[in-house]
Amino acid sequence: MSYTINRMFKDSTFDDIDARTRQALADHGFGVLTEIDVKMTMKKKLDVEMSAYRILGACNPKMAHQAIGIEPRVGAMLPCNVILREVEGGVEVSAVDPVASMQAIDSAELTAVAGEVRDLLDKAIKAI
């Protein structure tokens, strides 16, 4: 089972895909709660160069509330990370597959919620 939902964008800039990703997430009920510029962090902490790489911590409040109501410790696995990374030939966007990440928790009810979140993330990635 793949643990991410992926889409490749050729002939687009990193900043353009970043803006389009944020809009698509917002259009599907997600807010970006956290952002990590991995490229900048690696330069600052390790003095190494790398291609653009950004992690967006996306959250759908309604779905997060529902999941926490089922399993209060599920917050350790939230928010849903979406990465943007510069690769040869373009920019790749990958979102965590919540169903794959929730396999660690034995709860059919939580798996169903994770499936709904996966569907929303899939639609958002397709809408970029």
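Bear in mind the structure is a predicted one, so any value in this text is a computation, not a measurement. (Residues numbered from 1 in each chain as written. Predicted model: local features only at pLDDT ≥ 70, side-chain atom pairs only at ≥ 80, totals over all residues. Heavy atoms only, no water.)

**Let's talk about the nonpolar core**
Counting 30 residues, the largest nonpolar core has Leu-25, Val-82, Val-93, Val-117 and Leu-121 as the members making the most contacts within it. For this core, the elements supplying multiple residues, two or more each, are β1 (4-10), α1 (14-27), β3 (53-59), α3 (61-70), β4 (80-87), β5 (90-96) and α5 (108-127). Examining the composition of this core, we find that seven residues originate from one element, α5, more than from any other. (Core = buried A, V, L, I, M, F, W, Y, C linked by side-chain atoms within 4.5 Å. Buried < 20%, exposed > 50% of the residue type's maximum accessible area, 1.4 Å probe, protein only. Helix = DSSP H or I, 4+ residues; strand = E, 2+ residues; numbered from the N terminus.)

**Details of the pattern of salt bridges**
For the structure shown, the criterion picks out eleven salt bridges. Close ionic contact of Glu-49 with Lys-43 constitutes a salt bridge, the shortest N to O distance being 3.0 Å. The partly exposed category is assigned to Lys-43, whose relative accessible area is 35%. When the shortest N-O distance is used, the salt bridge between Arg-73 and Glu-71 registers 3.3 Å. Salt bridges here are not isolated pairs; linked through shared partners, they connect Asp-18, Arg-22, Glu-35 and Arg-54. (Salt bridge = Lys/Arg side-chain N within 4 Å of Asp/Glu carboxyl O.)

**Quick look at the environment of Ile-105**
Mapped onto the fold, Ile-105 is located in the loop between α4 (98-101) and α5. Placed 32 residues apart in sequence, Ile-105 and Arg-73 show a C-alpha to C-alpha distance of 9.9 Å. When residues no more than four places from it in sequence are discounted, the contact partners of Ile-105 are Glu-71, Val-74, Met-77 and Leu-110. (Contact = heavy atoms within 4.5 Å.)

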